[in-house]
Amino acid sequence: MSAPLIVLVGPMGVGKSTVGQLLAERLGTGYRDTDEDIVTAQGRAIAEIFVDEGEAAFRTLEKEAVRTALAEHEGVLALGGGAILDADTRALLAGQRVVYLSMDVEEAVKRTGLNAARPLLAVNPRKQWRELMEARRHLYEEVATAVVATDGRTPEEVTQAALNAVKLTVSPGGQPPNPRPEDAVVSDVTRIEIGGTAGSDPYEVLVGRQLLGELGGLIGTKAKRVAVIHPEALAETGDALRADLAGQGYEAIAIQVPNAEEAKTAEVAAYCWKALGQSGFTRTDVIVGVGGGASTDLAGFVAATWLRGVRWIAVPTTVLAMVDAAVGGKTGINTAEGKNLVGSFHPPAGVLCDLAALDSLPVNDYVSGLAEVIKAGFIADPAILDLIESDPQAARTPAGPHTAELIVRSIKVKAEVVSSDLKEAGLREILNYGHTLGHAIEKNERYKWRHGAAVAVGMHFAAELGRLAGRLDDATADRHRAILEAVGLPLHYRYDQWPKLVENMKVDKKSRGDLLRFIVLDGLAKPTVLEGPDPAVLLAAYGEVGE
């Protein structure tokens, strides 16, 4: 029996037809749509079938159309939005290469709300959409082998993300590749060693795809219990990891925490400690932190403080977490007085950067992470800047040609620094380029701004400060503005907030007493410390940033 190369599922209006045809073209194979099969066989539109015979009758027709297509078609197959409601259909999809194309409610209403041909969204499309997704999202995720977000992406970007997610490449001549999912092999893995300092052990950061097979080896045989700390947004991922580890013989629990910076509080840390205590966690047991930078910061802090330190492993799922938060051993939580003021240096036992996690990352979160990548370019590796500038739009998506290289290069910059200065005694301070003002903005916004967005404004400020202090040449200062703007990162913040920002910066970790200290550049890839700059110079620099 034949089987499709890729099956696309997802809600109405997500673009399955457009992406499906692009996939078929890229893979040199045929495209088929079960909705089109039904329309052809019935000689009338789907909306008419709903009106004339009702949804139940349509679902019967749909079930048979899907069964037939799955048995006959060997190319790219798109299913109707509600096809996965049928349990027999979901069973038939088991073992298939299924990609779930997702989108959020605002995007859905924009695409489908005014389309009269959508019979299930005829009245109050926003409310109807939410209700549909509440009923269907877990079913899409159940059958999917990969999830690809479509928000803010062109059809071409979604197509490439889908190919990446299921590990398919286009063969010469456009012929479809032969391997099925079960034949897939682990892709190339880049291993970056972080040297041990200050009594800490060395560890590796792995960058590639299909890396979760490495997790058991990092946890080791001494551990009896494993706690997977994950944000609410990754509930399915966290539970899947817990189940997988339980299948390997560990006593595994999943600890769900709030999303983003809301997780980095003493109250959430205490909640995690309670869960560890109730589970009987000992010094030989292991914590796994899954998610973005806030989640890995919290997981590392909980690991550092439980029994004065247990082993932990970071599984970052965002660009920011991969290139910054999960690497280097800095862990911490926020307080009302500032960001990361309570924390510990507690390096992980390993970091798994699975690039497949980026395929479903919302575009704004992906672009936010680029701020840390660009920072690495300015302080140490200008090749990063060259790669981004060669095609800024491609750099905005994980489907871009340089994604892996950008992430690897950024991690290597941080690896070299933290391997020689774990506890920020000197050199490590350069990693805070753009962060002094960035953290002040985050605090002023009560952590509602994305970290990368705040750091982007902070780098713009640092460039102008370096220029006005006579440290940085005009061309390099102007390059900050150009590259940040090219990828869609912000350059400005409210001018009237400067007095508050100054007060916030006085409690920055780099400050000494009342002496403000900033990382600036003496030139490209030449970071240095500027201590106690003239307040007039600071205000003038902010004058270029404020609006």
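All chains use their own residue numbering, which begins from 1 and follows the written sequence. For a predicted model such as this one, the threshold for reporting local features is a pLDDT of at least 70, and the threshold for listing and counting side-chain atom pairs is 80 or more; totals across whole chains, interfaces and linings nevertheless cover every residue. For side-chain calculations, the full set of non-hydrogen atoms in the structure is used, while hydrogens and water are omitted.

> How would you sum up the packing of helix α14 (residues 363–379) against helix α19 (residues 451–468)? Please name residues and give values.
Between two packed helices, both the angle of their axes relative to each other and the distance between the axes serve to describe the pair. Packing of α14 against α19 brings their axes to within 6 Å, and their N-to-C directions diverge by 40°. With respect to each other, α14 and α19 are oriented oblique. Our pair here, α14 against α19, has a crossing hand that is left-handed. Where α14 approaches α19, its residues S368, A371, E372, I374 and K375 are matched on the opposing element by H451, G452, A453, V455, A456 and M459. When residues are grouped by polarity, Ala, Val, Leu, Ile, Met, Phe, Trp, Tyr, Cys and Pro land in nonpolar, Asp, Glu, Lys and Arg in charged, and all others, Gly among them, in polar. The residue inventory of the contact of α14 with α19, partitioned by class, reads six nonpolar, three polar and two charged. Comment: axis = line fitted to C-alpha atoms, over the contacting stretch for helices; angle = value between 0 and 180 degrees taken between N-to-C directions. Helix and strand assignments come from DSSP, with helices taken as H or I runs of at least 4 residues and strands as E runs of at least 2, each series counted from the N terminus. Orientation labels follow simple angle bins: below 35 degrees gives roughly parallel, above 145 gives roughly antiparallel, 65 to 115 gives roughly perpendicular, and whatever is left gives oblique. Handedness of a helix crossing follows the sense of rotation of the near helix relative to the far helix, less than a right angle counterclockwise being left-handed and clockwise being right-handed. Residues are treated as being in contact if the distance between any of their heavy atoms lies within 4.5 Å.

> Just give me the short version of the nonpolar core, but keep the residues and values in it.
Nonpolar cores were defined as sets of buried Ala, Val, Leu, Ile, Met, Phe, Trp, Tyr and Cys residues, with membership established by side-chain atoms within 4.5 Å. Relative accessibility decides the category of a residue: with a 1.4 Å probe and only protein chains considered, values under 20% of the type maximum give buried, values over 50% give exposed, and everything between is partly exposed. By size, the foremost hydrophobic cluster in this structure holds 77 residues, and its most contacted members are V205, I287, L298 and I374. Element by element, the count of residues in this core is highest for α14, at ten residues. For V205, the contacting residues outside a window of four places in its chain are T190, R191, I192, I194, V327, V351, C353 and I411. Of all hydrophobic cores here, the second largest spans 21 residues; its members include V14, V19, L27 and A78.

> Please give an account of the side chain of K264 that cites residues and values.
Structurally, K264 is set in the loop between β9 (251–257) and α11 (266–278). The exposure class of K264 is buried, given its relative accessible area of 1%. One polar contact links K264 to D297, side chain to side chain, over a distance of 2.7 Å. Polar contacts, as counted here, are pairs of nitrogen or oxygen atoms within 3.5 Å of one another; within protein the pair requires one atom able to donate a hydrogen and one able to accept it, and residues that are adjacent in sequence qualify only if both atoms are side-chain atoms.

> Please give an account of the sheet that holds strand β14 (residues 350–354) that cites residues and values.
Being paired, for any two strands, means DSSP has found at least two bridges between them. Spatial strand order, β6-β7-β14-β11-β10-β8-β9: seven strands in an open sheet with mixed pairing. The open sheet has two edge strands, β6 (190–194) and β9, and neither has a second partner. Geometrically, the sheet is characterised by an average inter-axis angle of 15° between neighbouring strands, direction not taken into account. Relative to β14, strand β7 (residues 203–208) runs parallel, the two being bridged by four bridges. Considered in β14, the bridge of L206 is made with L352.

> Could you give an account of the packing of aromatic side chains, naming the residues involved and the relevant values?
Two rings belonging to Phe, Tyr or Trp (six-membered ring only in the last case) form a pair when the distance between their centres is within 6.5 Å. Interplanar angles under 30 degrees mark stacking, angles over 60 mark edge-to-face geometry, and anything in between is tilted. The tally for this structure, following the rule as stated, stands at eight aromatic pairs. Taking 4.7 Å as the distance between ring centres and 25° as the angle between the ring planes, the aromatic pair formed by W498 and Y542 counts as stacked. Of this pair, W498 sits in helix α21 (residues 498–505) while Y542 sits in helix α22 (residues 535–545), and the two are 44 residues apart along the sequence. We note that W498, like Y542, is buried. In textbook terms, an aromatic cluster arises when at least three aromatic residues are bridged by ring pairs, as seen for F461, Y495, W498, F518 and Y542.

> Before we move on, can you summarise the sheet that holds strand β2 (residues 31–33) with the specific residues and values?
What the five strands build is an open sheet, ordered β2-β3-β1-β4-β5; its pairing is parallel. Of all strands in the sheet, those bounded by a partner on one side alone are β2 and β5 (146–149). Taking the axes of each pair of neighbouring strands and ignoring which way they run, one obtains an average angle of 25° across the sheet. In terms of strand pairing, strand β1 (residues 6–9) meets strand β4 (residues 98–102) through three bridges, oriented parallel. Counterpart to V9 in the pairing with β4 is Y100. Running over the sheet, helix α2 (residues 34–42) touches β2 and β3 (76–78) and is turned about 65° from β2. Running at roughly 160° to β5, helix α8 (residues 155–165) makes contact with β4 and β5 of the sheet.

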